[in-house]
Structures are given as structure tokens and as C-alpha cells.
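Each chain is listed here by its residues.
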Amino acid sequence: MSNSHEQAELVRKSLKRRYRKERRFRLYGILAIALALSALVILFTDIIGKGYSGFIKTTVTLEVRLDPEMMEIEDPSDPESLRRANYGAPIVEALKRAVPSAGDGDEKALGRLINPYASGTLRDAVIDRPEILGSPQKMTFLTSDDTSVYVKHADDTSYSIKLSEDQQRWVDELVQSGAIQGAFNDEFFLNGDSREPTSAGVLGAMVGSLLTMVVTLLLAFPIGVAAAIYLEEFAPQNKLTDFIEVNINNLAAVPSIIFGLLGLAVFINLFGLPRSVPLVGGLVLTLMTLPTIIISSRAAIKSVPPSIREAAEGIGASKMQVVLHHVLPLAMPGMLTGSIIGMAQALGETAPLLLIGMVAFIVDVPDGLTDPATVLPVQIFLWAGSPELAFIERASAAIMVLLTFLIGMNALAIWMRRRLERRW
Amino acid sequence: MQPANLFPLIVVLVGIAFALGYARSRAVASPLGGIRHLKSLPFYYATRAAFWCGLPALIIFGFWLSFEDKIIQTMVVASLPEDLRPDSAGRASLILSQISNVASGALNPKYAPEGIVEASKLLTTLRDESKFMMSLLVICVAILGAFVAWLRIAPHINAREKVESTLRKIFFMCAALAILTTLGIVFSVIFETVRFFNKVSFFEFFLGTSWSPQTAIRADQVGAEGSFGMIPLFVGTLLISAIAMIVAVPVGLMSAIYLSEYASKRMRGIIKPLLEMLAGIPTVVYGFFAALTVAPFIADAAQAIGLSASTESALAAGLVMGVMIIPFVSSLSDDVINAVPQTMRDGSLALGATQAETMTKVIFPAALPGIMGGILLAVSRAIGETMIVVMAAGLAANLTANPLEAVTTVTVQIVTLLTGDQEFDSAKTLSAFALGMMLFVVTLVLNIVALHVVRKYREQYE
């Protein structure tokens, strides 16, 4: 009797310990998930915190007196003389009027508050409409990089303020008078890359990404689907088929940089295609995304029930007709979903593109498949490695643009899967 | 004609071939009493004509474009006078770029030697001729092909069968592209690797402990002898991968266990996609995060407790890489854990084991081989990961096990050696391909083992 009592006591004691263990185990699981999700949250808040200011531009609005004499224009009707005129002078003069506390000798320091490209903007405006010469014009210019950093990040210690105390005072005055303002940074979406952070934009990289993706999609989707159809429907059970399958599975796990080496050696060195162009980028990314597309397309084909095939065969369709007329349309949503995910991967890929030269500094927006171009992730890489701190906010802003595209693509894939996927 | 215009032209020709084929098959059928008396539908005759028109033309077009440049370059180099003829591949590419600069007008002919100017003229003529001949050949082949196919449209021919067998061949080619890609990778690295080992000894590469791939630009330069010992790179790679796995394995595994055994269906539906988002974030974003947020934070934190840390550290790269790999580990483990039959769970629970005990003593051992396979795949991914380490790990090849120091990895070196100004044929450039070969072989072995283990394990319960 006492023996069983002792035993019960023992069990009760151990039970407590075991339940504690159980709770601890559960807690570890929750902790692991919390850790992973907090990493996600930290990543996003960090990038948004760094990047939101990239979407704001600081501009200064000045009343510019376009005095031909001050601008050293001899003959206003001569375009050449208009082109060679001094456009810096009226801007600095206007600034001087806007900042009464600046003295005579401060012109140079004042001029540094304005973006170096401002005189170019003014020149374009004058060449466009020479009639504005001689009359005062209200015009808006981008501020210089250092001014922009001061206005946006004056109390952020991670940014170093490069303006002198005088300059800081003047900027404060301009902000108070409303001359310096923040606005939505449309230039960020309208410009190519630039050495000057304030006028650097992502348009060039976005067009480059788009062209590269077009090449990838046009090649990878049909080839991937065709390969999946062959392997799933026509391939005989033999060594060659096995070898192809092993190859595809391995290629899916080969480091992406290896595809860059392949692109460099084959497309550039052997075939002599030009460096840093969307065509080569698209070819490399095609080879990289093919395994993903093939694997997901095969899964989609597999999920089409045999009854569909049998019905089609029963009324005399050939194997190819069964596949093209019945299996393929039913498997298409699954194939598209897989392809969108593969394309999203390709859109975010950087390493192989570095090796085929897409890291070059390119200002112009590419026009075609064989124009030098860069892509969004590479642009981010370039800006992130740049010594000017103002490029960091550009890089973060570009990351936000890239992530928006990626989330959009993934959302589309999920929506399509929900909407189009059929269950039998 | 420019290649950019030729391709649309081929497409148009194919369209015309299709339309003509369609019309002819109907015309052939009408005296017989309608298309019912044809062996195949008009669509198939038309498609066959389109294939005959397009396929040979496109194949010629592709091959011509691929090899045109190489052949022209060889011809131009061969035409150079004796004194200008290059003695090495490096010189050859220099002279070629000079020639093409003169030809494109980027370099004024006044500043180039006589022979170069002559060669540039030859280059321009050859290019023009090549373009003309290619256009002529491609268009002739397309039209001829279409014509032959058009002539061969006859009621007794089973066009469908022929079209289908061609299609099947095309499909096979697409699948075989995977083999071609693998071959391409192997050959593109093997050739350069062999050339590398002609310059640098095999033993130095595998056993050397110092990596500094500078090579002399002039023969008499002092202290510019490069050293190519890959051990520091390998150790750096392993160090960062190990840190990544220390983060990813416990977190990924415990998340997978929690999600598959404890979480409600709703919670699972929310958390799983969130975790998978970690896998969808581009690596350049992780690299940015590691380099600009995590690395400075670690350096500051280490300083605060009196350790010295460099601003680029193995720890920063490893931690962030670990976060990136969490979803791989968790979703692979999740699959494997779910594949363990429910009866094993029920049996264990019926004997009075708690869920934790069931998990650790029954399910986990059963799922272990599969989980190991998943972890191997994750290791392979960590070894091959590039952007995070390029941005956050550093360039200095330190042979160290201290995670607070900067280390460099195989992938970082490949990127740094092959971006920017390249010297042709130098051991420095070639070493990148030798490293690529190493990387490919190591990850290939890991992948084969991992895929084998995962597959073998899955079959046990099926």
C-alpha cells in the first residue's frame, strides 16, 4: 500500500517537473518566433527610418533678377552668348537679398547652399524662353546636399553637418521666411544616378530593371514551361531524364554568383556581348530563375488530375493535344504563380550582375537592351557604399521602392493562387 | 541590316508563312470536298510551314550573332603588321579596344599608329559585310524553308504528327538547357582554373595561409608578388557560416516545432508567411542593414564592454545572414516534421508523454535525417551568399577565429577581383575563377548530399 503511495508521490513530483519542462519548451518556441519576427520589424523600421527622408527634397524659392548685364550677356538674341552666360551670379544675388544678414564677401559661402546644378536649370529656362531676361522671376531650385542634410537631419548625430555656423544661420533664416521648403521628391523618380545625392534618382535603375526583367520573362517563362512539360509528360524513364532532373535540382541551389561567372565567361568573353547591358543581365538571370520556374511548373502540371487527361485521350486526342489543350490551361495559374515568385527573386538579385559589369556609374536612362544600364539592387549597393551620408537615405529610399515592387509581386502571386487555383 | 530589325522581320516572315500555309492547305482540300479529307487540320499544315520558315533561320541567326565578333576580331588581329601583332592575350585585348575605339570614332585616328587605323577600317568593313551576309542568309533560309514547306502541303501528309514531334524536340531542348547550363558553368570555370594553376602552384593555393592577390604590373616592381593561399578565405567563409548557423538553426527549428505542434491554424496562417517574408527580402537589403546598422552597433557594444571590434566584423555579417536563413531552416524542418506520421504522435501521447517529450524523444529523432539535410542546404546557401558579406564582412584576409574582426570570404574575393579594372590573363583575375570552382564544388557536394538525404528520408513514410 505504502509502496504505491510512494510511487504516486514520485509521479506527482516528476509530473510537476515535466509540466515545467513542457512550458519551457513552449516558451522557447514562442521566443524563437518572436526573435525572427522582431528581426523583420527592426529591419523594416530601420530602413523606413533611414529612407523616408529620401522621399523629401528641400527646395529654395527665390526671386531671381535676370539682369543681362550681371549675367555677362552681350547679345540676348544670340543663343551662343546665352549658353555661355553666368547663371550663378543672379542666383547668388537673389540669395543675398533673401538673407539680409549675409555680408558682402559671403557670396561664395551663400552659393554653396544651392545645388551646383541650379545654374544649369536656370540656363535651360532662359534658353527655352529668352523673353524672361530682364524681369524678376520667382524660381525654385534644389538646395545643395549639405543644406539638405542640415535641414532634414540637424539633430541626428549620425549625420555630420558640413555647413559653417554662418551658413547654418542663413539656412535657418531661409526656413523661417518660408523660402526653403520640403516637398515630395519627384526628382527621385525622374532622374538617373548622379554624383550629387540631392539630384540622384532611381529612374535609370528602374528602367534598367524593367528591361532586364523583360528579357528574363520572355526567355525564362516559355523555356521553363516547355522543360516542365517535357519532363512531366514526355520524358522516358531513363538515365538522361534522371540526369536532367538532378541537374535542375542542383542548379536551383547553386550560389547565384556562380551564374555571374558563367555570364562573364560565356556571354561576354566567348560571345563578345557588351558589358553592363540589360540583355546579358537578363540572360544570366534567365539561367538562374529557370530551375525555380521548372520546379513550380512541374508541380502545377502534376496537380492536374488524371481524369482530365483520360477524358481527352478517350475522345481521341493525341498526347500533345491532351497536354496543350487540356493540361496546360489548367496548370497555367500555378505556373504563373511560380514564375512571378521566380521573377521576384531575379528582381532582387545583385551578385551575378556585379560580375557582368552592371556596377558602372551610369547617369543616362537606358533606351534599349544593349545600352549600358544598372538595376535597382545594384544601385542600392552603389549608394550604400558611397562615402556621402546623403546617399544612405537615397539607398534606403531605393530599398523601399524595391521592396514595394517585391511585395506587390508576391501579393499578386498569392492573390492569383487563391483566385485561380482549382481543387479537385 | 541591324540584328534588332532582323528579328522582327523573321517574326513577320513566320507569320506570312503560317498564313500562306493555311490558305494553301484549304485550297488543296477544297477540290477533295473540304478539310475533312485532309490528314490533319489546316492549322497543323500552317504551323509546319511556320516551323520550316522560322527555326532554321533563327538557329543561323543565333549562331552568327554569337560567334561573329570573335571571328572578326581574329581576322583583324591577323591583319596587323608584324610589329603591332600582340604577343599575349592581354595585349591583344588592349589593341582590339584601341582598334574599335578608332572605328567608332571615340579615338581620333591621328593619335593612333598607321597599322591600327588600317585595322580599324578593316574592322568596319568586316562588320558591315558580316551584317549584310547574315541578313541575306537568314532571309533566304527563311523564305526557302517556307517555300519548301508550302510545296509539301498535300492531303496525305500527316502534318500534325510532324508538328508534334518537332514540338517535342523543342521541349526536350528546353529541358536539356539545364545540362547545358551546368556544362557551361563547369567549362567556364575549368579553363580559367587550369590557366591559374599554370601560374600559381596547386599547393600554394590549397595550403597557403596568406591571400593578397596583387601581381606586378611591371616586371621589375618590388614587393608586388601576389600570394594566393585560400585558407584565410576558407576560414573566413566557415566562420561567418558557423555564426549564421548558430543563429538560424535553433531559431528556425524551434519556430518550426512551435508552428507545427502548438500553434493554432489561424496563428500558423499569419506567422508562416511573415517568416517567409524574411526569405523574400533581397540580399542587398540584408547587406545594407548589416553594414550600416548591425556592424556599427556591434562595434559600439564591444567597445562599451572593453573589447575592440572593427567596423566590419564577421559577427555582423554572420548574424544578419543567420536571420536570412531562418526561413529556409524553418520551412524545411516544418515539412519534415509534418511528414512524421500522426500515429507516432498519438502513440507517444497515449503513453502519457507530454507534447514536449513527444517532440524531443519521438518526433525529433524520427525527423532528424531530414532536418540534417535541410541544415546542409542552409549551410550551402550561407557559403555561397555574396551580398551580405561583400557589404559587411570586409576585404582583409585575416586568418582569425575572432568574430569581432573583419574577415573576408570566397565570394567577396570573387566580386572584388572581377569588378573594376581587370588585368587580362593575370593570376589575379584567374584566381577568381579558381575560387569560383572551389565554391561550385563545395556547394555542389553539400547539395547532392542534402538532396539525397532529404529524398531518401521522405520515402520512408510514403
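So, a few notes on the structure that sits alongside this text. (Residues numbered from 1 in each chain as written. Chains lettered and ligands numbered in written order. Predicted model: local features only at pLDDT ≥ 70, side-chain atom pairs only at ≥ 80, totals over all residues. Heavy atoms only, no water.)

What follows covers the interface of chain B and chain A. Opposite the 79 residues of chain B that make contact, chain A presents 78 residues. Surface buried jointly by chain B and chain A totals about 6,800 Å² across both partners, of which 78% is contributed by carbon and sulfur atoms. Linking chain B to chain A there are one salt bridge. Between A:Arg18 and B:Glu357 there is a salt bridge whose closest N-O contact spans 2.7 Å. Linking chain B with chain A are 14 residue pairs in polar contact (both at pLDDT 80 or more), by the criterion used here. For the side of chain B that touches chain A, the element with the highest residue contribution is helix H5 (residues 159–199) of chain B, accounting for 18 residues. Considered class by class, the residues forming the side of chain B that touches chain A number 50 nonpolar, 21 polar and eight charged. (Contact = heavy atoms within 4.5 Å. Buried area = accessible area lost by both parts, 1.4 Å probe. Salt bridge = Lys/Arg side-chain N within 4 Å of Asp/Glu carboxyl O. Polar contact = N/O pair within 3.5 Å; in protein donor to acceptor, adjacent residues only side chain to side chain. Helix = DSSP H or I, 4+ residues; strand = E, 2+ residues; numbered from the N terminus. Nonpolar A, V, L, I, M, F, W, Y, C, P; charged D, E, K, R; others polar.)

What follows is about the environment of A:Thr337. Residue and element names in this part refer to chain A. Along the polypeptide, Thr 337 turns up in helix H14 (residues 319–347). By relative accessible area, Thr 337 is classed as buried at 3%. When the C-alpha atoms of Thr 337 and Glu 421 are compared, they prove to be 9.8 Å apart, with 84 residues separating the residues in sequence. (Buried < 20%, exposed > 50% of the residue type's maximum accessible area, 1.4 Å probe, protein only.)

In this section: the packing of aromatic side chains. Residue and element names in this part refer to chain B. All chains considered together, the criterion is met by 28 aromatic pairs over all chains. With a centroid separation of 5.5 Å and an interplanar angle of 80°, the aromatic rings of Phe 196 and Phe 228 are classed as edge-to-face. You can see Phe 196 sitting in helix H5 and its partner Phe 228 sitting in strand E2 (residues 227–228), a full 32 residues away along the chain. Both residues of the pair, Phe 196 and Phe 228, count as buried. Here Phe 197 and Phe 206 contribute two aromatic rings whose centre-to-centre distance is 6.3 Å and whose plane-to-plane angle is 20°, an arrangement assigned as stacked. By relative accessible area, which is 22% here, Phe 197 ends up partly exposed. Pairwise contacts between aromatic rings join Phe 196, Phe 197, Phe 202, Phe 203, Phe 205, Phe 206, Trp 211 and Phe 228 into one cluster. Over the face of the ring belonging to Trp 150 we find Arg 24, whose NZ or CZ atom lies 4.7 Å from the ring centre. (Phe/Tyr/Trp six-rings, centres within 6.5 Å; stacked < 30°, edge-to-face > 60°. Lys NZ or Arg CZ within 6 Å of the ring centre and 35° of its normal.)

Residues and elements named next belong to chain A. With antiparallel pairing, the three strands of this open sheet are ordered in space as E2-E1-E3. Of all strands in the sheet, those bounded by a partner on one side alone are strand E2 (136–142) and strand E3 (180–184). Strand after strand, the sheet turns through a mean of 35° between neighbouring axes, direction not considered. Note that strand E1 (residues 56–65) and E3 share five bridges and pair antiparallel. Within E3, the residue paired with Thr 58 across the bridge is Gly 182. Relative to E1, helix H3 (residues 88–98) is tilted by about 95°, and along the sheet it contacts E1 and E2. (Pairing = 2+ DSSP bridges. Axes fitted to C-alpha atoms, helices over the stretch in contact; angles between N-to-C directions.)

Right, let's talk about the state of the cysteines for a bit. Residues and elements named next belong to chain B. For the structure on display, the rule yields zero disulfides over all chains. Cys 53 forms no disulfide, and the closest cysteine sulfur to it belongs to Cys 140, at a distance of 12 Å. The thiol of Cys 174 is unpaired, and the distance to the nearest cysteine sulfur, on Cys 53, comes to 19 Å. (Disulfide = S-S within 2.5 Å.)

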